[in-house]
Amino acid sequence: MLKTTFSPIIAGVMTWGAWGRNLDGPEMIKLMESCLENGIDTFDHADIYGGYTTEAAFGDAFADSGISRSQVKLISKCGIQYPSEKRPLPIKHYQYSKDYIIWSVNESLKNLRTDYLDLLLLHRPSPLMKSAEIAEAVTELKRDGKILDFGLSNFTPIQTELIQQHTLVSYNQIQFSLTHHSAMTDGTLDDMQLRNVRPMAWNPLGTVYREDIEQTQRIRNLLGQLEAKYGVPGEVILFAWILKHPAKILPVCGTTRPERIKEMMKATTLELETEDWFALWVESRGSKVP
C-alpha cells in the first residue's frame, strides 16, 4: 500500500493560533497561499493546539480561502486530553479508546471543514493503550473514508511494534534535530527504515538559536562558515542536515513568516557534502564520532 505523498517540508500550524501568533483569518489564508506557492502542501495539526481552538480557526480560514481541498494534505493528531477552557479536565492524560479516537477524528473533520484527514497520528503513547482497540478504530475510520493513512507521534520502536501487531503504521513524528539526534543512534530511525515507517521531525531547528550554551555556540560558529560556503542561511543548512538522512525524514516547519518559508524550501535542493554533515554532528556532540 502506497503512503500518501506529503511535501518534503511540512507546515506546522501549532503557533498559527492561540499558542503563538494568533493569526486572524486573512493572515492564515495568506500563510496557506505562501506555503502552496513555495511547494508546501501539507499542514500538520493536533486537536489540542491552541487549547482545542486552532483547528477550527484554520478550518474557517481554509473555507474562506477558495483553496481546493485537493490542493492540500491535512494531518492531525489525537489522544492527549489537555485541560483547557474548551475541556475543563482535572488532569492531563491520554485516551485511546475506540469510541474516543473516532469521536476525536469527527471533531477534527468538523473543525477543519473537511471530509477526511490525509493522515491521523496518535499524539503520544499511553501506558493504557490497547493496540487491538486502536486498530479497530483505525480500520473503521479508513473504511468510512475519514482517514487515508495512519501513524504515530513520539512512539519508541517497541511501542510502534505494539501498535503494528494489528494495524499498519505509516509514519512516526518524533523530535529530531542537530541538537536532539538520539533517534539516529538509539535505533529509532533504523527501526523505522526496517519497518517502512516514514519519520517526521518536530522542532527541526532544535535549540541552535534558542539556547546560548557551549553546544549551540560550537554549532553556530561552524554554521557561519557553512553559510559562506553554501550561500544560504544557517537554518536552511540545519534542514538540509536532516533531509540528508536516508530515512527520508520530513521536517515540520513551525514558522509563520512567508519569507522564511521560501528560504526553508531551499534545503530541499541543497546537498550537504558528507564531511560537512559529519562536522555539524561533531560540533553538536562535542567530540569526534565513535
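Values in this document were obtained by computation on a predicted structure and should not be read as measured data.

Q: Whenever I open this one, the sheet that holds strand S2 (residues 42-44) confuses me. Can you help?
A: With parallel pairing, eight strands are arranged side by side around a closed barrel as S1-S2-S3-S6-S7-S8-S9-S10. When strand polarity is set aside, the average angle formed by the axes of neighbouring strands in this sheet is 25 degrees. Strand direction decides the pairing type here: S2 and strand S3 (residues 73-78), joined by three bridges, are parallel. Within the sheet, the bridge partner assigned to Asp44 lies in S3 and is Ile75. Contacts from helix H7 (residues 188-195) reach strand S8 (171-175) and strand S9 (198-202), with the element oriented near 170 degrees to S8.

Q: I'm lost on the pattern of salt bridges in this one. Help?
A: Between side chains of opposite charge, a pair can form when the charged atoms approach closely. Throughout the structure, instances matching the rule amount to 17 salt bridges. Between Asp44 and Lys77 there is a salt bridge, with the nearest N and O atoms lying 2.8 Å from each other. Of the two residues, Asp44 is situated in strand S2 and Lys77 in strand S3; the sequence distance between them amounts to 33 residues. Lys77 carries the same exposure label as Asp44, and that label is buried. Counted as one network, the salt bridges with shared partners bring together Lys98, Glu136 and Glu140.

Q: I would appreciate a short explanation of the nonpolar core in the present structure.
A: Most often, soluble globular proteins keep nonpolar side chains buried together rather than apart. Counting 80 residues, the largest nonpolar core has Phe43, Phe58, Phe150, Phe176 and Trp241 as the members making the most contacts within it. Per-element accounting of this core gives the leading share, seven residues, to helix H9 (residues 234-243). If sequence neighbours within four positions are ignored, Phe150 has contacts with Leu119, Leu120, Leu122, Ile134, Val138, Lys142, Ile163, Thr167, Leu168, Val169, Ser170 and Tyr171. If you look at the next biggest cluster of nonpolar residues, it comprises nine residues, including Phe6, Ile10, Leu121 and Leu250.

Q: Sorry, what's going on with the packing of helix H8 (residues 214-230) against helix H11 (residues 274-285) here?
A: When two helices pack together, their arrangement is captured by the angle between the axes and the distance separating the axes. Remark: H8 packs on H11, axes separated minimally by 8 Å, with the N-to-C direction vectors making an angle of 160 degrees. Judged by the angle between their axes, H8 and H11 are roughly antiparallel. The handedness of the crossing between H8 and H11 comes out as right-handed. Every residue of H11 that contacts H8 at Gln215, Arg218, Ile219, Leu222, Leu223, Leu226, Lys229 and Tyr230 is listed here: Asp276, Ala279, Leu280, Glu283, Ser284 and Arg285. Taken together, the residues of the contact of H8 with H11 break down into seven nonpolar, two polar and five charged.

Conventions used here
- Residues numbered from 1 in each chain as written.
- Predicted model: local features only at pLDDT ≥ 70, side-chain atom pairs only at ≥ 80, totals over all residues.
- Heavy atoms only, no water.
- Pairing = 2+ DSSP bridges.
- Helix = DSSP H or I, 4+ residues; strand = E, 2+ residues; numbered from the N terminus.
- Axes fitted to C-alpha atoms, helices over the stretch in contact; angles between N-to-C directions.
- Contact = heavy atoms within 4.5 Å.
- Salt bridge = Lys/Arg side-chain N within 4 Å of Asp/Glu carboxyl O.
- Buried < 20%, exposed > 50% of the residue type's maximum accessible area, 1.4 Å probe, protein only.
- Core = buried A, V, L, I, M, F, W, Y, C linked by side-chain atoms within 4.5 Å.
- Parallel < 35°, antiparallel > 145°, perpendicular 65-115°, else oblique.
- Left-handed = near helix turned anticlockwise from the far one by under 90°.
- Nonpolar A, V, L, I, M, F, W, Y, C, P; charged D, E, K, R; others polar.

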